[in-house]
Amino acid sequence: MENEKGESSGTFKMGNSAQERSLPYVPDCYAVPPSYEPRDALDSNSEIVPTIDISRLKGSYDERRGVIQELRSACQLYGFFQIVNHGINQNILDDALAVAYSFFELPVREKKKFMSNDVYAPVRYTTSIKDGLDKIQFWRIFLKHYAHPLHRWIHLWPQNPPEYREKMGKFCEEVRSVSLEIMGAITESLGLGRDYLSSRLDKNGMQVMAVNCYPPCPDPTTALGLPPHSDYSCITILLQNLTGLEIFDLSAHGGSGRWVLVPEVKGVLKVHIGDHVEVLSNGLYKSVIHKVTLNEEKTRISLASLHSLGIDDKMSVPYQLVNDENPARYRESSFNDFLDFLVKNDISQGERFIDTLRIKD
Ligand code: OGA
Ligand code: NI
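Report follows, based on the coordinates. This is a predicted model, so every value here is computed, not measured. (Residues numbered from 1 in each chain as written. Chains lettered and ligands numbered in written order. Predicted model: local features only at pLDDT ≥ 70, side-chain atom pairs only at ≥ 80, totals over all residues. Heavy atoms only, no water.)

### Focus on helix H5 (residues 164-189)
Note: α-helices contain 3.6 residues per turn, so residues at a spacing of three or four share the same orientation.
So, point 1. Here H5 spans 37 Å end to end across 26 residues, near enough to the 38 Å set by a 1.5 Å rise per residue.
So, point 2. With its phi angle positive at about 80°, Gly191 sits one or two positions after the end of H5. (Helix = DSSP H or I, 4+ residues; strand = E, 2+ residues; numbered from the N terminus. Expected span 1.5 Å × (residues − 1).)

### Examining the site of ligand 1
So, point 1. Around ligand 1, a shell composed of 14 residues is seen, among which Tyr214, His229, His290, Arg300 and Ser302 lie nearest.
So, point 2. A distance of 3.3 Å is found between an oxygen atom of ligand 1 and a side-chain nitrogen or oxygen belonging to Asp231.
So, point 3. Here an oxygen atom of ligand 1 and a side-chain polar atom of Arg300 are 2.8 Å apart.
So, point 4. A majority-of-atoms criterion places ligand 1 in the largest cavity. (Near = heavy atom within 4 Å. Polar contact = N/O pair within 3.5 Å; in protein donor to acceptor, adjacent residues only side chain to side chain. 1 Å grid on protein atoms, 1.4 Å probe; cavity = no way out; pocket = protein on both sides within 12 Å on 5 of 7 lines; lining within 4 Å. Sits in = over half its atoms within 2 Å of the grid points.)

### A closer look at the environment of Asp53
So, point 1. Along the chain, Asp53 turns up in strand E1 (residues 51-53).
So, point 2. Overall, the relative accessible area of 22% leaves Asp53 in the partly exposed class.
So, point 3. With residues near it in sequence (within four places) discarded, Asp53 still touches Val67, Val84 and Asn85.
So, point 4. Polar contacts involving the side chain of Asp53 include one to the side chain of Asn85, which spans 3.3 Å. (Buried < 20%, exposed > 50% of the residue type's maximum accessible area, 1.4 Å probe, protein only. Contact = heavy atoms within 4.5 Å.)

### So, the coordination of the nickel ion (ligand 2)
Ideal coordination angles are 109.5 degrees for a metal with four donors arranged tetrahedrally and 90 or 180 degrees for a metal with six donors arranged octahedrally.
So, point 1. In the first shell of the nickel ion (ligand 2), the protein supplies His229 (NE2), Asp231 (OD) and His290 (NE2), at 2.1 to 2.2 Å from the metal.
So, point 2. Mapped onto the polypeptide sequence, the residues donating to the nickel ion (ligand 2) form the spacing pattern H-x1-D-x58-H. With Asp231 in the loop between strand E6 (226-229) and strand E7 (235-240) and His290 in strand E11 (residues 290-292), the pair connects residues that are 59 residues apart, well separated along the chain.
So, point 3. On the accessibility criterion, Asp231 (9% relative accessible area) is buried.
So, point 4. The class for His290 is buried, based on a relative accessible area of 3%. (Donors = N, O, S within 2.8 Å, 3.2 Å for Na, K, Ca; no water.)

Following this line, the structure appears as structure tokens:
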């Protein structure tokens, strides 16, 4: 099918997407349903986004208790919070964003070395979500790579730009250590103790980096960078150079919810509760639904670090949180189960992994 501009309105070949070619218009296959609310959140009440000073996790008993309380309430209300005083040097954050930007600036032939639509590949470059396969396409280019243990994966990462491995590797290591601290606080906040998952996370925990690039989009009112979705992970820690991330506040407007634009403040990291912490908490903490809106002028870069148990290690509802009145509400699942789900389902159509885990009463 051809539109009036002579372009196919179907999907593009990999490496040839509209966003990679900087097309001056948005082809039909990128148009999202109005219910996805592209454009910036009109209701951008960003003051509701909780911000937590996590340096206090290492403080006195009372300070730690205070953070755990804040964390618990943010996880219950939004499944999302921002962290400050996380201890990662600003240079490390800036360098990681810069080296990601330089990677996306490379000629297509260089990036093509990593091109793959195989969701099981430990390193892959592609566009949208499953390029060309999903019903709707998204204005995103990304590189996904495993990051922990670093020595096992880093030799598969891009060597161009030459400092990519060093700069991104440093960022990944630092973020992973913050993730372990936060996971300890999360399990503690659920009454499971701070070491409930530590040995499993230490031994074979996964870290997947989604290095995302959202080029300027000629019409941010019709397309999105990513559709409303939640992450499969336990938690995702995100760094961005510009606004564009929006979270869905379920509790607003008497339960009908609203989109909230996450503000960008230098040095602040964002933490998403993922599906596997929703399971871990037996539904007390909600995995946050989020999406990415687009910018007409600027290129947005985000680094999303997804932390979970080992590839085949199943997350299940802890027996400590279950009793006769409060039965387990989710079945167990692993990262690999999520990948199987991703192959068979279309996230652009609103299908969610967590929905496949719910045990119906
Ligand atoms: C993701 C994601 C948000 C962003 O990669 O899963 O939600 O801001 N990214 O890029
Ligand atoms: Ni996400």
